[in-house]
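Here are the chains, one letter per residue:
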Amino acid sequence: MISHLNPLGTGSATQEGAIRPKADRDILPALTGQDLSELAQFGKIYLFETVSSTHEIAKSLVDRKEPSLVIALVQTHGRGRFHRDWYSEKGGLYLSYLIFPDFSAKPKIAQLTLLASLSVAHSLESLIGNKIEMRWPNDLLLAGKKVGGLLCATKGPGLIISIGINLNQSSFPDFLPNATSLFLVTKQSFEIGKVLKIILGSLTNFYNDFLAGKFTDFLPELKKRQVLINQRIRAELWLRRIEGTVIDLDDAGRLVLRTDPGLLVIISAGKVHRIRNV
């Protein structure tokens, strides 16, 4: 896929000698020259109509050691946590943001994921006015259905924040009954450029707060938005499966689970499923 990269140089919508895939006919009209100029402050821009995965492209760029934005209209192999498929057809926004922190990000991935999710929630609310809820650790919910998700990961010195948002889809396949889009809820269409700038601006502000050690300042809001609190869940950990009721998020952003025997268990990673009453 690297041979098809189309870097739009800093502050410019074109770059002499850059490879320009056919995709640009579709994606460039969605991003004006002014959009590209404003987005360039965040890094080198790579635009695609269709790509296997913006996250995988971002991983391949780490050795270049320069902040980058990888943006696509469609992903053929979009992935979430645990390599789950992310339905990524046209109508959504698929973005991976590669940065290079001056600290080891890997031990902080859980906190970074929660704050990145909160920043996107704020961004979407500023666009539509409706409340965005969160499902630990990285799902965004609108009117009870999934409207977006994030994946934060590290590779070497690079931190990759990948974001998928359902913007303008008017329908979803039958196998995704719990998916929605901003359009389906608001009956309005959204410009990719505007949404990108709002999300990246908000993400930058939250990241700076994280660097300033303010993660715990956001815990009350994270807890208020968290739909799993006071719900029964099943957690699939590396060596065991446990069930219980989520009672809190701790200061590190981990789930606090009370099992049926009354034991408290801290969950920092793993697959979590809500147990619904039947």
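As the structure is a computational prediction, the values presented were derived from the model and not from experiment. (Residues numbered from 1 in each chain as written. Predicted model: local features only at pLDDT ≥ 70, side-chain atom pairs only at ≥ 80, totals over all residues. Heavy atoms only, no water.)

This part takes up the overall build of the protein. Helix and strand counts for the protein stand at seven helices and 13 strands. Across the protein, the fraction of contacts at a sequence separation of at least 24, relative to all contacts at a separation of at least 6, is 58%. Accessible surface, the protein: about 13500 Å² in total, of which carbon and sulfur atoms supply 49%. (Helix = DSSP H or I, 4+ residues; strand = E, 2+ residues; numbered from the N terminus. Contact = heavy atoms within 4.5 Å. Areas by Shrake-Rupley, 256 points an atom, 1.4 Å probe, with all protein chains shown as cover.)

Our next topic: the sheet that holds strand β10 (residues 241-249). Spatial ordering of the open sheet is given by β12-β11-β10-β9-β13, a layout of five strands whose pairing is antiparallel. The outermost strands of the open sheet, each flanked by one partner alone, are β12 (264-267) and β13 (271-274). Pairs of neighbouring strands in the sheet enclose a mean axial angle of 45 degrees, with direction left out of account. Here β10 pairs with strand β11 (residues 255-259) via five bridges, running antiparallel. Looking at the pairing, V246 lines up with L257 of β11. (Pairing = 2+ DSSP bridges. Axes fitted to C-alpha atoms, helices over the stretch in contact; angles between N-to-C directions.)

Across all of its chains, the model carries one cavity of 30 Å³ or more by this definition. Estimates place the volume of the largest cavity at around 60 Å³. Around the largest cavity, the lining residues are L112, L115, A116, I161, L203, F206, Y207 and F210. Listed by contribution, the elements that provide at least two residues to the lining of the largest cavity are α4 (109-128) and α6 (192-211). In terms of residues, the lining of the largest cavity owes the most to one element, α6, which gives four residues. Among the residues making up the lining of the largest cavity, the classes are represented as eight nonpolar, no polar and no charged. (1 Å grid on protein atoms, 1.4 Å probe; cavity = no way out; pocket = protein on both sides within 12 Å on 5 of 7 lines; lining within 4 Å. Points joined across faces, edges and corners; volume = space filled by probe spheres on them. Nonpolar A, V, L, I, M, F, W, Y, C, P; charged D, E, K, R; others polar.)

For the rest of this paragraph, the subject is the pattern of salt bridges. Close approach of charged atoms allows side chains with opposite charge to pair. Evaluated as defined, the whole model comprises 15 salt bridges. Within the structure, one salt-bridge network assembled from shared partners comprises R232, R234, E243 and D260. (Salt bridge = Lys/Arg side-chain N within 4 Å of Asp/Glu carboxyl O.)

Mapping S119 onto the fold places it in helix α4. Assessed through its relative accessible area of 0%, S119 is described here as buried. Setting aside chain neighbours within four positions, we find S119 in contact with S202, L203 and F206. (Buried < 20%, exposed > 50% of the residue type's maximum accessible area, 1.4 Å probe, protein only.)

Time to look at the confidence of the model for the protein. Mean pLDDT for the protein: 86, with 85% of residues reaching 70 or above. Across residues 6-26, where pLDDT falls below 50, the model places 40 contacts with residues more than four positions away in sequence or in other chains. (pLDDT = per-residue confidence, 0-100.)

Position of L141 relative to the elements: it lies in strand β6 (residues 139-142). A C-alpha to C-alpha distance of 9.7 Å links L141 and S181, two positions 40 residues apart in sequence. In this structure, L141 is in contact with K131, I132, E133, R135, K146, V147 and V227, ignoring residues within four places of it in sequence.

Turning to the environment of L159, a few remarks are in order. Relative to the helices and strands, L159 is located in strand β8 (residues 158-166). In this structure, the C-alpha to C-alpha distance between L159 and P101, residues 58 residues apart in sequence, is 7.0 Å. For L159, the residues in contact, after removing those within four places along its chain, are Y97, L98, I99, P101, A105, I109, L112, A153, T154 and Y207.

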